[in-house]
Amino acid sequence: MEEQRDPPKRPWDTCQEVPITEDEQTPWKMIKLLKFISFIAVAIFVFGLALCSKTSFLLLITLSNEGTKTLSAEHKPVALLCIACSLIMSSVFLFLKSIWKACYKTSKPPRKTTVALVLFFEFLASVGAAILTIVAMPHLDIVTNVTILNGVAILSAVLQLVAQCTAKQRNCFLLPSTFGFILILIGYILFLLLYIMKNPSDMKMAIWVGLAVGGSILVSFNWWENYFRIISQNSSSIFLKILCKDITKCKNMLHILSSLLRIVVTACVIVAYVPLAKMDWDFLTSNTETRIIAIIVGVQLISSALCHWFGLAACKMHALRRCFLLPLYLASLSVMALFIIPVIVYYQDYRTSLNRTANINFTDYCELAVDGRNQSLNGNVFPQLVLDVTHTLCFLDMSKTADIGILTGSAMSWWIGLVLVTLHLWKLNVYRIQRTQDLFIRRLYEGAFIEQSLLLNIRFDIQTKEKIKKLRDFERVMVYLCATMWHETYDEMMNIIISIFRMDKYRPKENPKINDFTFEAHIYFDDAFIDVEGSRHLNEYAENLVTTIKEVYVIFKNIDEKFFRKQQQVPNQNIIETPYGGRLVITMPHGNNIVVHFKDKERIRHKKRWSQIMYLYYLLGWKLMSKYYTRLQRGEDEKELMKQAKKEKHNTYILALDGDTDFQPSAVMLLIDRLRMYPRVGAACGRIHPTGSGPAVWFQKFEYAVSHWLQKTAEHVIGCVLCSPGCFSLFRAEALMDDNVMKTYSTKSTDASHYIQYDQGEDRWLCTLLLKQGWRVEYNAASDAYTNAPMEFKELYNQRRRWGPSTMANVVDLLGSTTIISKRNPSMSKPFMFYQLFGIISAILAPATVCLLVAGSLTFMFNTDSAVALVLSVIPPLIYLGLCFKLKSDTQITIAAVLSVFYAFLMLTVTLSIIGSMIKEQTILTPSSIFVIAMALIYIITAVMHPQEFPLLFYGFLYILCIPSAYLLLTIYSMVNMNNVSWGTRETKPAAGTAPPPTTIPQTKAQKAKSFFQRLLSWVKCCKKSSQRSQGEQPSSQETMVPEPEQPEPQPQNTIVDDMNISEAEQGQLDSHIQSWVEQLQSLSSDMTLEEDSLDQEEEKFWEELKKEYLTPLPNDKEKQKKMANELRELRNKINFVFFIVDAIWLVVTFILQIFSSTFSIQIPKLDLDLKKTGSYIQIEPVSFMFILGFGISVLIQFLAMFYHRIYTLIHYVAFVDTEPKEKKKLKKQDSYLPGKKDDSSSNTDSVYSSMGKLDIEDSNVESEFTRGSYEEDQV
């Protein structure tokens, strides 16, 4: 206690500024409610749809019975035909899906023996299903029909026993399988006893019963593959192992053949049993009977397909027991009750209506009320259906207790047997978002017996106690958090450092409760050193980073401390001199490390892409692979080492971050799920939210929202995401280390096009390399990350000046390799590449399209000729285009700002003009009106599908006003300034809290006036952040590719400014002052002691070799720079010529069509609000109409893809919330005061962190079970 009473260093200075560390963006209470509602809804849907499927199917069988009267005798074959449709519909779906995959994805042909074996079992199963349902079941009673389908589990029970005995392991589910087989066998015996002993001389009934038993046993061959996999694995037969492997690899072709076989066999059975060719098809015009059959079969087909999908969703949501097994078990019992209860009620009502209940038994009721009724469908159909169901029971004497007992016994034996055979599913461990092929052994479902097919189709595994315990843990993965920094502010640094410390608390390295992954954070600080009196010191930004880490460390170290408790001091950390500069190693409170790499541009190549190459080779080349070559030299087995290395590469991930990214641990986990579950996913990105304030940020908020809501989801669903942003993306080491990826990414730019494609958008180029190698890039909408967006008009334009040409270059690169990519990458089909082609054409024609939009508004407002309006709309962009070739970039942006304001008012007028035209013409059925209304509805519905982001919809009004600025002026600016490859952002931003630069050139009056004029025309920001960007002017001509090296300002990243030559004398001077920056950091803070350490010789040798091979500072070759500037200018001119010529052609074609509108236009009759013709016509140019139609189709595709992707995002998120363990809140109030001390609220305190530390991901005291399943390496 005495130690706890040690006074703080400054007891008078206890008030502190504490940043926000909790997750304030995610509404966890709402998500908890959403999870509960989702589970309830899915369980209800699975149960209800299974009930509808089975009930409607049994009604079809009942209607096909000879004695039923709802359908006439000539309509019985139609009911049988509908039964056949129920059997083959899933095969039709499978055939179409397999054909699609065969056309656009890889499909390997199987061996002849594999085809023969698979088709043999498929033939048996399809024949059994057709005979059982079409031939036999129409002659049986309803109770038997409901429950005999449970008997199809008999072969599964036998194969379970064989598989478990073959495995030679103690299995806790050996007895349930045994008893399940016995009970199903008892059910068959009781069934035979009931029907054959009832009338032994009835040979027809004996045939129907025999066909029913034989058919149900043949149906059980459906799921042979589920157990064959395990039997072959545990068998010593090489033939079985090869056969199993061939079946797995060639599933697509086998599914095509098997689905065709099922369709043909079912058709043959129905044709053989009911000779429909001899019947007159005119009976289909009978309205009432046709309507009854159509409704029943429609309900059956739809409910079966939906039940299969919702069952799959329940498994992916990690709700196997609650939402899958329990509803399906209860479905059979509920179907029984649904049929039997109305029969009993009608029977009792009939007895009561006769007032002589004692004299009427069930047999008399059948003769008088059921079989003696007239066939009439004029009234309610339900009583007729109940009486038809009753007729199936009339064969048995329900007045005898023995018959009822035998029937009940057989039914319960079958049902309990099915439960026991599938009892192992209650202990089955599954991943969240488990892949469908890992959940179900077969792609198709059986519509005739939906519950049985879903239960028996789930992948069977030997459930030993040791394996169950082992499967609770994932294969451990290693995640490297890699952030690049340059000139981030204090607040931006605080965001990412807090995020990293959150990860440390979320997955502690010391005594972890969950051992699914471990991580290590690396920060690569570019251009961190400056010259101070002949020695190398860290600059102010690097000092800010160290200070930020120390402050965040103190926060998380003392996060649970109370009043008057002694705060724990920051432990000693390590500082290391390295060949590239310096390294700071911080061990966080829970044992994980942050490694800060301070880069000296005079020792190693700087700029962002080279920082990424630096950590790729260090983490993946040195730390991951070097140890295996060392072990190989020691004589270890090469094959085993290759296997281990491949496994480690597969399970090593790199999380690419920017220096200002703010994220939660849950966002990282959601990305890890994607890579862990799908082996061919090379990268996954999350939802990026721009932060900041002001009109520029508001515009970007909506722009980012639409891009993620529609474009990224469409790319994810119908193909691959083309760009995984470097601010928050998870990459697989195996994908990065693949051929032509990491090696190509480290290529030095030598051609003019390289600077545009490689350095202006390095994240997009890296994804292009991954896609070319066949890797998949995905998008997870639930993984949220926040990053600062440009808040000034100039900074926004400079950022998009980099992004625009880079995006176009990479998409054109992909389109040029369409044939190769579509063959190598299963997710990149040719239709998807055509979709991208249309997208790039739309981007090229965007300036011309905006001009047409402006021309239309001028025509409406001033009633001018459309051709004249088009000419007037083209004049301002042409003038701006010409000025951009002559003026400096800053002046271009100033002019663009002025024009943006003008165009914003014009767009407001355009919007009002469209509304006015609707009112004036009294119709909304014009093409422009329909297009605008449809787009508005799509955006509104999309925003509703993203309730957390719905307020962003209001920024859409600003987005509409800025369309000319974004798609006309910005496009012109980015294309004309394509040769300017400077970074464009963060070039003048000072670090927060630091003194201004020591030497500042005072501005002249003219410069001050110009600066004021620029600020006046920039968009007004609502609020300023505490650290403002500098307002100083730094003019640079767009014709100058790079600024002069002698300028004191920091150089932008990714320019082609080459580093200065380092002479031997200068190198010696550096070596004589290597301790200066170490002493600088050591004296920076007394709260965190930095102990000097050194690298081992092997690592130091690695860095020297890496520098020599890839990262040597480039020489300052003036001639080469001048030559490259000329090449960039020539490339710019060529691309601009083609780009704007295409736009000009588009405008000229439109101009000609408008001049000759009476000849070339399409005339559509105009309709009023009552959808009546007004007598006038609307003239539409065919080219414009086709373009608008194509754009509308692409938006519709994006909308449907968004809907699909949103559903699966909900499934993943609910599964994550349900399975990820929660940190329990402390319920017991701890003693916050020292013994004997007075509770004085005015006393000085030594800690203000007691209110912090609640980093729980959910407000719940219940910790969910964290169950997991095994991982298998197969293709997506």
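Figured I'd write up the structure that's included with this text. Note that this is a predicted model, so its numbers are computed, not measured.

1. Some thoughts on the packing of helix 5 (residues 154-167) against helix 8 (residues 224-234)
Working step 1: At a closest axis distance of 9 Å, the pairing of helix 5 and helix 8 adopts a crossing angle of 15°. Here helix 5 is positioned roughly parallel relative to helix 8, judged by the angle of their axes. In this structure, helix 5 meets helix 8 at a crossing whose hand is left-handed. For the pair helix 5 and helix 8, contact is made by S156, L159, Q160, V162, A163, T166 and A167 and by W224, Y227, I230, I231 and N234, respectively.
Working step 2: A per-class count over the contact of helix 5 with helix 8 returns 8 nonpolar, 4 polar and no charged.

2. A word on the environment of P138
Working step 1: Structurally, P138 is set in the loop between helix 3 (112-136) and helix 4 (142-148).
Working step 2: Look at P138 and you get buried, because its relative accessible area is 5%.
Working step 3: Excluding anything up to four places from it in sequence, P138 contacts I61, S64, N65, L80 and T133.

3. Observations concerning the pairing of strand 3 (residues 529-532)
Working step 1: Pairing of strand 3 with strand 4 (residues 535-538), which is carried by 4 bridges, proceeds in the antiparallel orientation. Following the sheet pairing, V532 is matched in strand 4 by S535.
Working step 2: With antiparallel pairing between neighbouring strands as the criterion, strand 3 and strand 4 make up a hairpin whose turn holds 2 residues, including E533 at a positive phi of roughly 55°.

4. Comments concerning the pattern of salt bridges
Working step 1: Counting across every chain of the model gives 27 salt bridges.
Working step 2: Note that K54 and E451 form a salt bridge whose closest N and O atoms lie 2.6 Å from each other. Here K54, found in helix 1 (residues 28-63), pairs with E451, found in helix 17 (residues 450-457); they are 397 residues apart in sequence, far enough to count as distant.
Working step 3: Look at K54 and you get buried, because its relative accessible area is 1%.

5. Description of the nonpolar core
Working step 1: One finds I134, F191 and F324 to be the most contacted residues of the largest nonpolar core, which totals 114 residues.
Working step 2: Per-element tally for this core: the top contributor is helix 1, with 13 residues.
Working step 3: Sequence-distant contacts of I134, that is, excluding residues within four places in its chain, are made with L80, I83, A84, L87, V269, I270 and Y273.
Working step 4: In this structure, Y617, V721, L770 and L970 belong to the second largest nonpolar core, which totals 102 residues.

Criteria and cut-off values
Residues numbered from 1 in each chain as written. Predicted model: local features only at pLDDT ≥ 70, side-chain atom pairs only at ≥ 80, totals over all residues. Heavy atoms only, no water. Axes fitted to C-alpha atoms, helices over the stretch in contact; angles between N-to-C directions. Helix = DSSP H or I, 4+ residues; strand = E, 2+ residues; numbered from the N terminus. Parallel < 35°, antiparallel > 145°, perpendicular 65-115°, else oblique. Left-handed = near helix turned anticlockwise from the far one by under 90°. Contact = heavy atoms within 4.5 Å. Nonpolar A, V, L, I, M, F, W, Y, C, P; charged D, E, K, R; others polar. Buried < 20%, exposed > 50% of the residue type's maximum accessible area, 1.4 Å probe, protein only. Pairing = 2+ DSSP bridges. Salt bridge = Lys/Arg side-chain N within 4 Å of Asp/Glu carboxyl O. Core = buried A, V, L, I, M, F, W, Y, C linked by side-chain atoms within 4.5 Å.

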